[in-house]
Amino acid sequence: MIQIAIDGPGGAGKSTISRAVAAKLGIVYVDTGALYRTVGYFVRSRELDPKNREAVIGCLSDISIEVRYAEGTQHVFLNGEDLGDRIRTPEMSMYASAVSAIPEVRAFLLETQKDIARKNSVIMDGRDIGTVILPNADVKIFLTASAECRAKRRYDELIAKGQNVQFEDVLREMNERDTQDSTREIAPATAAADAVVFDNTGMNLEESVNAVVALIREKTGFAGA
Ligand code: DC
């Protein structure tokens, strides 16, 4: 069993790179942001303010989240329903970021994440994987890139999905969210003391994936499951 932790700000390529590395190594890719997005989605569906701690805590007992993997793809079920891409909008990014600053929400999602890593060899991406969820991970990487580069990737992704967005708005919202995620009191998005900081500004997907695989092999000798 192997545990690889990938943390870093939005748009650094965590999910795309992790998915490709997982496929190469034959391990499970776990997208933990999807869990916070799912809580955010529920809060939105109740028309609650995601920063209203009491209101958000009050609805946790009505939320049941289940994570399943089918052919390398993660599916998150909210009260039995697969939300698919409905959690992938810029609005859901902001809801996820807001609810993720609430300690009770983090506690609510903790065991689900740890349990997946107990049962599978994983590459798990998020903000606190190396610091909180998998403190003993075999490899910890803090993936980052310049703000413009990250915003451009996020913009291209949203445009490819047919969403009608402006680059300036994507950049502004991304910066707002990163500030919120890295300055919150609980589990702020920071590199673990023993993480390798990897800045992939200007690198394409293949170069980034090869660099991450090389790092994993160098640190663990793991050549694939
Ligand atoms: O990785 P993402 O963009 O899907 O994450 C959405 C939000 O969830 C992000 O702004 C902060 C929060 N998050 C977190 O606090 N901890 C994680 N491990 C993953 C995501």
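Structure: above.
Here the structure is a predicted model, which is why all the values come from computation and not from measurement.

1. Describing the overall build of the protein chain
Stage number 1. Assigned secondary structure in the protein chain consists of 9 helices and 8 strands.
Stage number 2. Whereas a compact globule of 225 residues would reach a radius of gyration of roughly 17 Å, the protein chain reaches 17 Å, a difference of no more than 12%.
Stage number 3. Structurally, the protein chain occupies a C-alpha span of about 50 × 40 × 35 Å along its principal axes.
Stage number 4. Residues classed as buried in the protein chain amount to 48% of the 225 residues present.
Stage number 5. Expressed as a percentage of contacts within the protein chain between residues at least 6 apart in sequence, the contacts between residues at least 24 apart total 75%.
Stage number 6. Accessible surface for the protein chain amounts to roughly 10500 Å². Of this, 50% is attributable to carbon and sulfur atoms.
Stage number 7. Distance between charge centres in the protein chain, computed from 27 positive and 33 negative side chains, equals 2 Å.

2. Comments concerning the site of the ligand
Stage number 1. As a matter of local geometry, the ligand sits amid 15 residues, with Arg37, Arg106, Arg177, Asp181 and Arg184 nearest to it.
Stage number 2. Note that an oxygen atom of the ligand is positioned 2.9 Å from one of the side-chain N or O atoms of Arg127.
Stage number 3. At 2.6 Å from an oxygen atom of the ligand is found a side-chain nitrogen or oxygen belonging to Asp181.
Stage number 4. Contact with the protein chains covers 97% of the free accessible surface of the ligand, which is 450 Å².
Stage number 5. Those elements giving two or more residues to the shell around the ligand turn out to be α2 (33–45), α4 (90–100) and α8 (167–183).
Stage number 6. Here the residues of the shell around the ligand sort into 3 nonpolar, 5 polar and 7 charged.

3. Description of α4
Stage number 1. Counting buried positions over the 11 residues of α4 gives 8, a clear majority of the element.
Stage number 2. For α4, the set of buried residues is Met92, Ser93, Tyr95, Ala96, Ser97, Ala98, Val99 and Ser100.
Stage number 3. Buried residues in α4 make contact with α2, α3 (53–59), α5 (103–119) and α8.

4. Overview of the pattern of salt bridges
Stage number 1. Summed over the entire model, instances satisfying the criterion amount to 18 salt bridges.
Stage number 2. Between Arg172 and Asp169 there is a salt bridge whose closest N-O contact spans 2.9 Å. A residue pair is termed a helical-turn pair when its members lie 3 or 4 positions apart in one helix, as Arg172 and Asp169 do in helix α8 at 3 residues.
Stage number 3. Asp169 sits in the partly exposed class, given a relative accessible area of 34%.
Stage number 4. We note a salt bridge from Asp181 to Arg184, for which the minimum N-O separation is 3.8 Å.
Stage number 5. Classification of Asp181 as buried rests on a relative accessible area of 5%.

5. Describing the environment of Met203
Stage number 1. Of note, Met203 is situated in the loop between β8 (196–199) and α9 (205–220).
Stage number 2. Judged by its relative accessible area of 26%, Met203 is partly exposed.
Stage number 3. Here the alpha-carbon distance between Met203 and Ala5, two residues 198 residues apart in the chain, equals 20 Å.
Stage number 4. Residues contacting Met203, with those up to four places away along its chain left out, are Arg153, Phe198, Ser208 and Ala211.

6. Concerning the nonpolar core
Stage number 1. In terms of nonpolar packing, the biggest core is built from 35 residues, with Val39, Val105 and Leu134 touching the most fellow members.
Stage number 2. Take this core: its biggest share by element is 7 residues, from α2.
Stage number 3. Once residues within four sequence positions are removed from consideration, Val105 is found in contact with Tyr36, Val39, Val56, Leu60 and Val99.
Stage number 4. Formed by 21 residues, the second largest nonpolar core is a distinct cluster that contains Ile17, Val21, Leu25 and Leu215.

7. Some thoughts on the packing of aromatic side chains
Stage number 1. Per the counting criterion, the structure on display carries 1 aromatic pair.
Stage number 2. On the numbers, 5.9 Å between centres and 85° between planes, the contact of Tyr155 with Phe167 is edge-to-face. Pair noted here: Tyr155 is in helix α7 (residues 147–160) and Phe167 is in helix α8, with a separation of 12 residues, a long-range link.
Stage number 3. Tyr155 sits in the partly exposed class, given a relative accessible area of 23%.
Stage number 4. Taking the relative accessible area as the measure of exposure, Phe167 reaches 24% and is therefore partly exposed.

Parameters and conventions
Residues numbered from 1 in each chain as written. Predicted model: local features only at pLDDT ≥ 70, side-chain atom pairs only at ≥ 80, totals over all residues. Heavy atoms only, no water. Helix = DSSP H or I, 4+ residues; strand = E, 2+ residues; numbered from the N terminus. Rg over C-alpha atoms; globule rule 2.2 N^0.38 Å. Buried < 20%, exposed > 50% of the residue type's maximum accessible area, 1.4 Å probe, protein only. Contact = heavy atoms within 4.5 Å. Areas by Shrake-Rupley, 256 points an atom, 1.4 Å probe, with all protein chains shown as cover. Lys, Arg positive; Asp, Glu negative; His and termini not counted. Charge placed at Lys NZ, Arg CZ, Asp CG, Glu CD. Near = heavy atom within 4 Å. Polar contact = N/O pair within 3.5 Å; in protein donor to acceptor, adjacent residues only side chain to side chain. Nonpolar A, V, L, I, M, F, W, Y, C, P; charged D, E, K, R; others polar. Salt bridge = Lys/Arg side-chain N within 4 Å of Asp/Glu carboxyl O. Core = buried A, V, L, I, M, F, W, Y, C linked by side-chain atoms within 4.5 Å. Phe/Tyr/Trp six-rings, centres within 6.5 Å; stacked < 30°, edge-to-face > 60°.

Read these as layout, nothing more, since geometry by itself doesn't imply function.
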